[in-house]
Amino acid sequence: MPNPSIKNEEQYQALRDKGYSKEKAARIANASNTGKKGGQAPPYEERTKEELYQKAKEIGIDGRSDMNKSELIKALRNH
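Thresholds applied
Residues numbered from 1 in each chain as written. Predicted model: local features only at pLDDT ≥ 70, side-chain atom pairs only at ≥ 80, totals over all residues. Heavy atoms only, no water. Salt bridge = Lys/Arg side-chain N within 4 Å of Asp/Glu carboxyl O. Helix = DSSP H or I, 4+ residues; strand = E, 2+ residues; numbered from the N terminus. Buried < 20%, exposed > 50% of the residue type's maximum accessible area, 1.4 Å probe, protein only. Core = buried A, V, L, I, M, F, W, Y, C linked by side-chain atoms within 4.5 Å. Contact = heavy atoms within 4.5 Å. Axes fitted to C-alpha atoms, helices over the stretch in contact; angles between N-to-C directions. Left-handed = near helix turned anticlockwise from the far one by under 90°. Arc of directions from axis to C-beta. Nonpolar A, V, L, I, M, F, W, Y, C, P; charged D, E, K, R; others polar.

K.L.:
Now, about the pattern of salt bridges: what can you tell me, with residues and values included?
P.N.:
According to the stated counting rule, one finds 3 salt bridges in the structure shown. Across the salt bridge formed by Arg77 and Glu45, the nearest N and O atoms sit 3.0 Å from each other. In this pair, Arg77 is assigned in helix α4 (residues 69–78) and Glu45 in the loop between α2 (22–29) and α3 (49–59), connecting sequence segments 32 residues apart. Exposure remark for Arg77: the relative accessible area of 46% places this residue in the partly exposed category. Notably, a salt bridge pairs Glu58 with Lys55, separated by 3.8 Å at the nearest N-O pair.

K.L.:
Can you break down the nonpolar core residue by residue, with the values?
P.N.:
Tyr44, Leu52, Ala56, Ile61, Met67, Leu72, Ile73, Ala75 and Leu76 together form the largest nonpolar core, which totals 9 residues. For this core, the secondary structure elements donating two or more residues are α3 and α4. A per-element tally of this core places α4 first, with 4 residues. Excluding residues within four positions of it along the chain, Ile73 makes contact with Tyr44, Glu45 and Leu52. Judged by nonpolar contacts, the second largest core, of 6 residues, contains Ile6, Tyr12, Leu15 and Ala26.

K.L.:
Kindly report on the packing of α3 against α4, identifying the contributing residues and their values.
P.N.:
With their axes 10 Å apart at the nearest point, α3 and α4 run at an angle of 35 degrees to one another. Crossing geometry of α3 relative to α4 is assigned as left-handed. Between α3 and α4, the contacting residues are Lys49, Leu52, Tyr53, Lys55, Ala56 and Ile59 on the first element and Lys69, Leu72, Ile73 and Leu76 on the second.

K.L.:
Report on α2, specifying residues and quantitative values.
P.N.:
Along α2, the positions that sit buried rather than exposed are Ala25, Ala26 and Ala29. On an axial view of α2, the arc spanned by its buried residues comes to 100 degrees, and they lie on one face. Buried residues along α2 sit against α1 (9–17).

K.L.:
Which residues make up the packing of α1 against α2, and what values do they have?
P.N.:
The N-to-C vectors of α1 and α2 enclose an angle of 145 degrees; their axes lie 9 Å apart at closest approach. Considering how the two elements wind past one another, α1 and α2 form a crossing that is right-handed. Counted together, Gln11, Tyr12, Leu15 and Arg16 of α1 and Lys22, Ala25, Ala26, Ile28 and Ala29 of α2 form the full contact between these two elements. A breakdown of the residues in the contact of α1 with α2 according to their chemical character gives 6 nonpolar, 1 polar and 2 charged.

K.L.:
So what's going on with the side chain of Arg47? Which residues, and what values?
P.N.:
Structurally, Arg47 can be placed in the loop between α2 and α3. Aside from chain neighbours lying at most four places away, what touches Arg47 is Ala41, Pro42, Leu52 and Lys69.

Honestly, that's just the spatial picture; any functional story needs more than this.
Written out as structure tokens, the structure reads:
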């Protein structure tokens, strides 16, 4: 049964089949640049700790205030 809040149902199902969580699959399938390659965002290593913290806050990563830069990068990549 299609979910009306998912913009790209085919991509969502493919991600779920690969083992992605419902939340992560939905976030990827609903991204405005879904299906495009070569995003323009700088790699996490080139961002400041504050930028990484704000991204972690947007996503809702718990414990972010106690993390250093490398821990924030790991948490963002694994979320």
